[in-house]
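Residues per chain are reported as follows:
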Amino acid sequence: MLTRPDPGGVTILFEDAPIRAREGESVASALLAAGILAFRTTAVSGAPRGPFCMMGACFDCLAVVDGVGGVQTCLVPVREGMRVERQHGVRDVAAEDAA
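Residues numbered from 1 in each chain as written. Predicted model: local features only at pLDDT ≥ 70, side-chain atom pairs only at ≥ 80, totals over all residues. Heavy atoms only, no water.

Regarding the pattern of salt bridges
Side-chain pairs of opposite charge can arise where the charged atoms are in close proximity. Counting across every chain of the model gives four salt bridges. Between Arg 86 and Glu 15 there is a salt bridge; the shortest N-O distance is 2.9 Å. Taken together, the residues Arg 86 in strand β7 (residues 83–88) and Glu 15 in the loop between β1 (10–14) and β2 (17–21) connect sequence positions 71 residues apart. A relative accessible area of 26% places Arg 86 in the partly exposed class. Its relative accessible area of 35% is what places Glu 15 among the partly exposed residues. (Salt bridge = Lys/Arg side-chain N within 4 Å of Asp/Glu carboxyl O. Helix = DSSP H or I, 4+ residues; strand = E, 2+ residues; numbered from the N terminus. Buried < 20%, exposed > 50% of the residue type's maximum accessible area, 1.4 Å probe, protein only.)

Some details on the pairing of strand β5 (residues 62–65)
Here β5 shows a buried face lined by Leu 62 and Val 64 and a second buried face lined by Ala 63 and Val 65. Where β5 meets strand β6 (residues 68–72), three bridges bridge the pair, whose relative direction is antiparallel. Residue pairing for β6: Val 65 is matched across the bridge by Val 68. Count of turn residues in the β5/β6 antiparallel hairpin: two residues, of which Asp 66 carries a positive phi of about 50°. Summarising the sheet, β5 and β7 pair through three bridges and their orientation is antiparallel. From the neighbouring strand, Val 65 faces β7, where its bridge partner is Val 84. (Pairing = 2+ DSSP bridges.)

Structure, rendered in structure tokens:
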């Protein structure tokens, strides 16, 4: 498992739990460093999925970031106060359009 002596100075929230992160790192890297391996569940079977490629090609790192679903967390840098939640199934575009 990935461990770090210095978790960083940025705090993000994953499902309302604070996670320390390093400025400039991706959301996926911060979550993995915190021991979080499943970022989403699949639409059909509900199987857990987590980052695989870490370069935006596989879409297994999708999560809800600041209320927006379908975000590729491996491509998004952390930001102080960012709210991240697991994505369950497919992204709900209608709900996002209403927000």
